[in-house]
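# Notes for the structure review
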Amino acid sequence: MSRKKRVFSINNIEEVAVDFFNHLLQEKPQIPFFIPLILIAWVIERWVFSFSTWVPLALAVWATIQYGRYQRKLLVEDLDKKWKRIILNVSPITPLEHCDWLNKLLTEVWSNYFNPKFSKRLSAIVEKRLKRRKPRFLERVELQEFSLGSCPPSLALQGMRWLTIGDQRVLQLGFDWDTNEMSILMLAKLAKPFMGTARIVINSLHIKGELLFTPILDGKALLFSFVSAPEVRVGVAFGSGASQSLPATEWPGVSSWLEKLFTDTLVKTMVEPRRRCFTLPAVDLRKKAVGGIIYIRVISANKLSRSCFKASRRQQNGTTSEDNFDDKDLQTFVEVEVEELTRRTDVRLGSTPRWDAPFNMVLHDNSGTLRFNLYENCPSSVKCDYLANCEIKIRHVEDDSTIMWAIGPDSGVIAKQALFCGDEIEMVVPFEGANSGELKVSIVVKEWQFSDGSHSLNNLRSSSQQSLNGSSNLQLRTGRKLNVTIVEGKDLAAKEKSGKFDPYIKLQYGKVVQRSRTAHTPNPIWNQTFEFDEISGGEYLKVKGFTEETFGDENIGSAQVNLEGLVDGSVRDVWIPLERVRSGELRLKIEAFRMDDQDGSRVCPGNGWIELVLIEGRDLVAADLRGTSDPYVRVHYGSFKKKTKIIYKTLNPRWNQTLEFPDDGSPLVLYVKDHNALLPTSSIGECVVEYQRLPPNQMADKWIPLQGVKRGEIHIQITRKVPEMQKRLSLDSDPSLSKLHQIPSQIKQTMIKFRSLVEDGNLEGLSTTLSELETLEDTQEGYIAQLETEQMLLLSKIKELGQEITNSSPSLSRRSSGSGN
């Protein structure tokens, strides 16, 4: 026994020595370089002369210090391992903690805080579900009253505990809600052959299950869900108000329908692995988001395997099928679904397809679910096989950030946060119901729209408009007019087999329906404006697209536009994707304004004007055979079209020309063209100038690269001019008016020059003079529009000042009231 113990101890010492030596080599890699020096010193000390005794003493002290550090490091690592083992492995479940205090606290704050908030939120969810799912004998169901009552649910009656799922800590507690004090009242209209209406009263509700709470993003949000489908019982009666004149058995199926409705709503929204989110922001801007525009890019998929998808379907359906194809022959595409809006990518081949397909999507609430359905394209079959899906949920946070979360591997959580609109978030999400396969997507929230009319990206512009108008008109009021302009369409879905496609658009606002003219292309341009009387109550603008066909018009998509929060005099320019079709978008311009009470003339406070200076271009592409170009710039701004002078035989032109436009928020597009006297002009690039976010009266100097060509840039200066009324009361000092007076004489001189060139037969000079004449005419139209805008602004300001004087002077107000009588 003693020999075995001695051998064991010797082996143990050898292992410790080897580990210590390896540790020294890792911590101090320069030690091997000192070993030859130590050997040389030992040879000298052995055969030549001996050193003093301090050298081995120093080596012993140094080795002792290093060994002590090594032992301390081993002790720290051992303690860390024990702690992780205790927390994560040995005891992943903490002991039950009794929570009587939690129920007492919930009872105190339920009536004044949780009840109104939960009632408002749940009523919106239930109302949406009632519109989508109702029994056949009910034609329509409306929610008239929704209150959860004064009795709160009971939490953690058996205690609560912390669990460890993967690397995440989860709080588990029981949920038991048995109440008969709630007040949920619905008005139902019976379908044929039944007639009449009836009131459905939910007088009791029982929900029992286990809740899970998961903190994410370092405590900035909380995900909650049920472990499994909870037990739900609903008590139903029929009558008027809270009376129960008819028992629930009077209508067979109503009670079971409501129970199924509640259960399905919970299962689809907050039963594992699907979770709902409760945000905990540090800052609350007190703004309610009512919609948003999202840019989604489906990038690629990875680890797609036909065998895994087939096995998953066999587990769900209980069927078997043989497939002899290889995964390299897999042809797949992704369908993106947001509420009623769907878009498809192209078909790609292989187990790691890459699509890079961008889509512009719309949300009609402060949250939504982005669903990605994966399909297999079968060339030999008309139908496509559904393989799997995954979901990403998105929500606006009160501090104007955006939270996105999804189901991760092993039912974990993938959560990310975009602090600002415009931040790109990439997420790799596994497909549900499959043992392999994941999807990589990119999401950019372009803007959030708020109930007060502001936008996440247009706060500066909204504030400047408020200061210009003199007062804030952010509340929806009756008596306003709405101008809705159908500008253009893009990629409309053509279904006519003969190739004929004649689209038109119907707008419905309230009971008023307007129809556009018929176009004859999948990318039509209408530029038609329709006027509506504004309706209070947050009515949606319904857009429906149709195409004229021989045997009846066919629907090519529809959409709803939220008109909440429109500001007087502002223009909302949006692209609206059409729902229930594969492709198609419409561009709408929506403007709200008021009518003057006296003569009915429109009062539209102006936004100033845009001053654009086209300075120069550089490194343009050569459009002529001689290796040069004759460039000029054609400027499109809304309905305005202007162009600069032509600079001949150069790739680096200098225009130094100033153009002005009334600021109405229209897109500003520059088309650089090559002039040709005989042949049609050719394009040598284009670009869009972003000016909407510029501060008022501050000039921006920028070089903008041209699109659609290999090279070329254009140098501009742009300023959003906001007029100061005190400095512009005198029209004689107005530079626009003086320039406008000069234009007729310039046109007359140009016409004289034009006649002389006709007599001389100078074709090149004629072309140049003609372009100058067109430029003068466009400039004249722009100045006239600018003066009209300034005139409207001046009249509006005078009216506001007169109203302020009348309100501030009691004698004037009494005199005006007396004259009115």
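Computed from a predicted model, the values in this text were never measured in an experiment.

### Digging into the pattern of salt bridges
Following the criterion strictly, the structure yields 18 salt bridges and no others. For D356, the salt bridge goes to R297, with nearest N and O atoms at 3.1 Å. With a gap of 59 residues between them, D356 in strand 13 (residues 354–363) and R297 in strand 9 (residues 289–302) connect regions that are remote in the sequence. The shortest N-O distance in the salt bridge between R587 and D573 comes to 2.8 Å. Pair noted here: R587 is in strand 27 (residues 585–595) and D573 is in strand 26 (residues 571–577), with a separation of 14 residues, a long-range link. Among the residues examined, R587 registers a relative accessible area of 11% and is labelled buried. Several salt bridges converge on common partners, so that one network encompasses R274, R371, E391 and E432.

### Section: unusual backbone geometry
Here the residue pair E272 and P273 is connected by a cis peptide bond, since its omega of 5° sits within 30 degrees of zero. Checked against the element boundaries, P273 lands in the loop between helix 5 (254–270) and strand 8 (276–279). We note that L217 has phi near 55°; this positive angle belongs to a residue other than glycine. Inspection of the secondary structure assignment puts L217 in the loop between strand 5 (197–216) and strand 6 (221–226). A positive phi angle is found at N527, which is not glycine, with a value near 55°.

### Notes on the side chain of T719
Within the fold, T719 resides in strand 36 (residues 713–721). Excluding its chain neighbours within four sequence positions, the residues that come into contact with T719 are W609, I610, E611, N697, Q698 and M699.

### Quick notes on the sheet that holds strand 32 (residues 654–662)
Two modes of strand pairing occur in sheets, parallel and antiparallel, and in both the strands are linked by backbone hydrogen bonds. Taken in spatial order, the 4 strands make up an open sheet running 32-29-36-35, and their pairing is antiparallel. With one partner strand each, in any of the chains shown, strand 32 and strand 35 (699–705) form the two edges of the open sheet. For this sheet, the mean inter-axis angle between neighbouring strands, taken without regard to orientation, is 20°. Here strand 29 (residues 609–618) pairs with strand 36 via 9 bridges, running antiparallel. In the strand pairing of strand 36, R618 is matched with E713.

### Some details on the nonpolar core
Core analysis: the largest hydrophobic core is formed by 40 residues, its most contacted members being L370, F372, I392, M404 and L439. Counting residues per element, this core draws most heavily on strand 19 (residues 438–450), at 6 residues. Apart from the residues within four sequence positions on either side, L439 is in contact with V298, S300, A301, V334, W355, F372, C390, M427, V428, V429 and F431. Core analysis: the second largest hydrophobic core is formed by 39 residues, L106, L138, A188 and I207 among them.

Definitions and cut-offs
- Residues numbered from 1 in each chain as written.
- Predicted model: local features only at pLDDT ≥ 70, side-chain atom pairs only at ≥ 80, totals over all residues.
- Heavy atoms only, no water.
- Salt bridge = Lys/Arg side-chain N within 4 Å of Asp/Glu carboxyl O.
- Helix = DSSP H or I, 4+ residues; strand = E, 2+ residues; numbered from the N terminus.
- Buried < 20%, exposed > 50% of the residue type's maximum accessible area, 1.4 Å probe, protein only.
- Contact = heavy atoms within 4.5 Å.
- Pairing = 2+ DSSP bridges.
- Axes fitted to C-alpha atoms, helices over the stretch in contact; angles between N-to-C directions.
- Core = buried A, V, L, I, M, F, W, Y, C linked by side-chain atoms within 4.5 Å.

Structural measurements only, silent on function.
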